[in-house]
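Residues per chain are reported as follows:
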Amino acid sequence: MAGKPARPVNAIDQTRRMLSLVTYLRERPGARVEDVARAFGITEDELVSDLDVLPMCGTSFRGGDLLDIDTDGERIWWHNPAALAAEAAEPLRLAADEATALLVAARAVATLPGLRESDRQALLRATAKVETAAGEAAGASSRLSVTFESEGGVFADVDRAIAERRRLWIRYYSPARDEVTEREIDPIRLVSVGHTYVEAWCRRSEARRTFRLDRVAEIKILDEPSAPPEIELRDLSEALVQPAAEDPEVVVEVGPGGRWVAEYYPHDSADELPDGGLRITLRTPDPASLRRLALRLGRDGRIVSPPELADSARRAAREALAAYDGIEAADAVETPEAPQAVQAVPDGPDGRRE
């Protein structure tokens, strides 16, 4: 089942495909996996992934109403196609809280910047139908509203750029360097692993990069077409950061108090040290980003190699200590010793001098 997808798709494209897949399979009992994958322009692995989701869909969450679809790897079998037949369908009934939640969410999504106008109009038409069907239950929804934070606008622009295959310009904050950079990216897909990210081909670094949406300070959709190179999509189910074999190798030694590094950072090896610590070998496309890790570890760890990174971490630590020494020296000069009478004033109830 190996192979690369014809092109990356976003969640909206996948949903449209799966809806079409339901109709396609109902008309073709026992369809062959390779034939269906070819018809939809996807790999067999992608098709099987869709088939794993379809059994969680149906006209209701009752067992008999869910789609009973499975595959033996060669053919696809739908055991209850009658579940979607018109005569088997029951009128949809929404409770008041369900109708309110659905209407509030639909109106909020319709206000997202970057939403394609055709999608917005379709959503508004569907919302009007739900309002009519809900009757009095729809009244409460008119008194509620949802405002998306800036990430919502960024999400909409990224989703639109992926759908229209257009390049993006972004101003992005990188906490590892504590700086904001401007770059053009060719978006590949949106992923959610704790936070929402866009995986893209970065034209500044000419490499695949992942950007967290809430760190995008500004975004513009460009007229230039998006043309990322053909790259194999990674499985991000286990971890977002997945170093490549060609990334530079970094060796970090940590004491017992720094063993947590092996749990949070993907690594090639973690060897036990006599003092209860670990010697951790890992890879990263940006070794300089590990200076922050070295400062955070303090006496619980140090970078061993490469030598230039170890020297850079030592300089950063010395500069940080020097900054604190400068503050203490300034405080000593600017704050004269308090007279004895003032020192004798008792502490207030909150522990501060009054």
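Scope of this entry: the structure provided in the associated data block. Since this is a predicted model, take the numbers as computed values, not measurements.

Notes on the sheet that holds strand E10 (residues 278–283)
Here comes step 1: Spatially, the 4 strands line up as an open sheet ordered E9-E10-E8-E11, and their pairing is antiparallel. Strand pairing shows two members of the sheet lacking a second neighbour, strand E9 (269–272) and strand E11 (301–305), which therefore form its edges. Each neighbouring strand pair of the sheet contributes to a mean axis angle of 20°, computed without reference to strand direction.

Things to note about helix H2 (residues 33–40)
Here comes step 1: Looking only at H2, the buried set comprises Val33, Val36 and Ala37. Summarising the axial view, the buried residues of H2 lie within an arc of 100°, below the 170-degree limit, and thus occupy one face.

A short note on helix H4 (residues 96–110)
Here comes step 1: Counted at 1.5 Å a residue, the expected span for H4 with its 15 residues is 21 Å, and the 21 Å between its end C-alpha atoms agrees.
Here comes step 2: When H4 is considered as a whole, its buried residues turn out to be Ala99, Thr100, Leu103, Val104, Ala106, Ala108 and Ala110.

A word on the pairing of strand E3 (residues 166–174)
Here comes step 1: Taking burial as the measure, the 9 residues of E3 include 7 buried ones, the bulk of the element.
Here comes step 2: Sheet topology note: the E3/strand E7 (residues 216–225) ladder contains 6 bridges and is antiparallel. Bridge pairing in E7 places Tyr172 opposite Val216.

As for a negative patch on the surface
Here comes step 1: Taken together, the side chains of Asp68, Asp70, Asp72 and Glu74 define an acidic patch exposed on the protein surface.
Here comes step 2: For Asp68, the position within the fold is in the loop between helix H3 (44–53) and strand E1 (69–71).
Here comes step 3: A relative accessible area of 38% means that Asp68 is categorised as partly exposed.

Here we look at the side chain of Arg189
Here comes step 1: Secondary-structure assignment places Arg189 in strand E4 (residues 179–193).
Here comes step 2: Classification of Arg189 as buried rests on a relative accessible area of 15%.
Here comes step 3: Within polar-contact distance, the side chain of Arg189 engages the side chain of Glu199 at 2.6 Å.

Some thoughts on the pattern of salt bridges
Opposite charge on two side chains allows them to pair when their charged atoms are near.
Here comes step 1: A complete count under the given rule lists 23 salt bridges for this structure.
Here comes step 2: Ionic pairing is found between Arg203 and Asp186, a salt bridge with its closest N-O pair at 2.6 Å. With Arg203 in the loop between strand E5 (195–202) and strand E6 (207–212) and Asp186 in strand E4, this residue pair connects regions lying 17 residues apart in the sequence.
Here comes step 3: Measuring nitrogen to oxygen at the nearest pair gives 2.9 Å for the salt bridge that ties Asp268 to Arg283. Of the two residues, Asp268 sits in the loop between helix H7 (261–264) and E9 while Arg283 sits in strand E10, which places them 15 residues apart along the sequence.
Here comes step 4: Residue class for Asp268 comes out partly exposed when judged on its relative accessible area of 49%.

Concerning the nonpolar core
Here comes step 1: Counting 17 residues, the largest nonpolar core has Leu25, Val36, Leu47, Leu51, Leu54, Ile69 and Ile76 as its most contacted members.
Here comes step 2: Residue assignment for this core shows that the elements contributing at least two residues are helix H1 (11–26), H2, H3 and strand E2 (76–78).
Here comes step 3: Among the elements that make up this core, the one with the highest residue count is H1 (5 residues).
Here comes step 4: Among residues more than four places away in sequence, those in contact with Leu25 are Ala31, Val36, Leu51, Ile69, Ile76 and Trp78.

Here's the deal with unusual backbone geometry
Here comes step 1: In this structure, Pro306 follows Ser305 across a cis peptide bond, with omega equal to 5°.
Here comes step 2: Looking at the secondary structure, you find Pro306 in the loop between E11 and helix H9 (307–334).
Here comes step 3: One non-glycine residue, Arg165, adopts positive backbone phi at about 55°.
Here comes step 4: Looking at the secondary structure, you find Arg165 in the loop between helix H6 (150–164) and E3.
Here comes step 5: Residue Arg165 is classed as partly exposed on the basis of its relative accessible area of 47%.
Here comes step 6: A positive phi is found at Glu206, a non-glycine position, where the angle reads about 50°.
Here comes step 7: Positionally, Glu206 belongs in the loop between E5 and E6.

With respect to the packing of H4 against helix H5 (residues 117–134)
Here comes step 1: Close contact between H4 and H5 brings their axes to 10 Å; oriented N to C, the two are set at 160°. Looking at the two axes, H4 sits roughly antiparallel to H5. The handedness of the crossing between H4 and H5 comes out as left-handed. Contacts between H4 and H5 involve Ala99, Leu102, Leu103, Ala106, Arg107, Val109 and Ala110 from the first element and Arg120, Leu123, Leu124, Thr127, Val130, Glu131 and Ala134 from the second.
Here comes step 2: Per-class residue counts for the contact of H4 with H5 are 10 nonpolar, 1 polar and 3 charged.

Parameters and conventions
Residue numbers restart at each chain and count upward from 1, following the sequence in its written direction. Reporting in this predicted model follows two pLDDT cut-offs: at least 70 for local features of residues, and 80 or more for side-chain atom pairs to be given and counted; totals over whole chains, interfaces and linings ignore these cut-offs and use all residues. Excluded from the side-chain calculations are hydrogens and water; all other atoms, namely the structure's heavy atoms, are used. Pairs of strands are assigned from DSSP output, requiring at least two bridges between the strands. Counting from the N terminus, the helices are the DSSP runs of H or I reaching at least four residues and the strands are the DSSP runs of E reaching at least two. Structural elements are reduced to axes, namely lines fitted to C-alpha atoms, with helices fitted over the stretch in contact, and the angle between N-to-C directions of any two is expressed from 0 to 180 degrees. Note on classification: 1.4 Å probe, protein chains only; a residue is buried when its accessible area is under 20% of the maximum for its type, exposed when over 50%, partly exposed between these limits. Think of the arc as the fan of directions from the helix axis to the C-beta atoms. Expected span, for any helix, means 1.5 Å times one less than how many residues it has. Patch members must show over 30% relative accessible area and no salt bridge, and they are joined within 9 Å when carrying like charges or within 5 Å when they are nonpolar side chains of Val, Leu, Ile, Met, Phe, Trp or Tyr. Accessible areas in this description were obtained via Shrake-Rupley with a 1.4 Å probe; residue shielding takes into account the shown protein chains only. A pairing counts as a salt bridge when a side-chain nitrogen of Lys or Arg comes within 4 Å of a carboxyl oxygen of Asp or Glu. His residues and chain termini do not enter the charge count, which takes Lys and Arg as positive and Asp and Glu as negative. The location of each charge is read from NZ of Lys, CZ of Arg, CG of Asp or CD of Glu. Contacts described as polar in this section are N or O atom pairs within 3.5 Å, which, within protein, must combine one atom able to donate a hydrogen with one able to accept it, while residues neighboring in sequence count only if both atoms come from side chains. Among the buried residues, those of types Ala, Val, Leu, Ile, Met, Phe, Trp, Tyr and Cys that are joined through side-chain atoms within 4.5 Å form a nonpolar core. By the convention used here, residues are in contact when the closest approach between their heavy atoms is within 4.5 Å. Oblique is the label for any angle not under 35 degrees, not over 145, and not in the 65 to 115 range, which are roughly parallel, roughly antiparallel and roughly perpendicular in turn. Put simply, a crossing is left-handed when the front helix is turned counterclockwise from the back one by less than a right angle, and right-handed when it is turned clockwise. Classification convention: Asp, Glu, Lys, Arg as charged; Ala, Val, Leu, Ile, Met, Phe, Trp, Tyr, Cys, Pro as nonpolar; all other residues, Gly among them, as polar.

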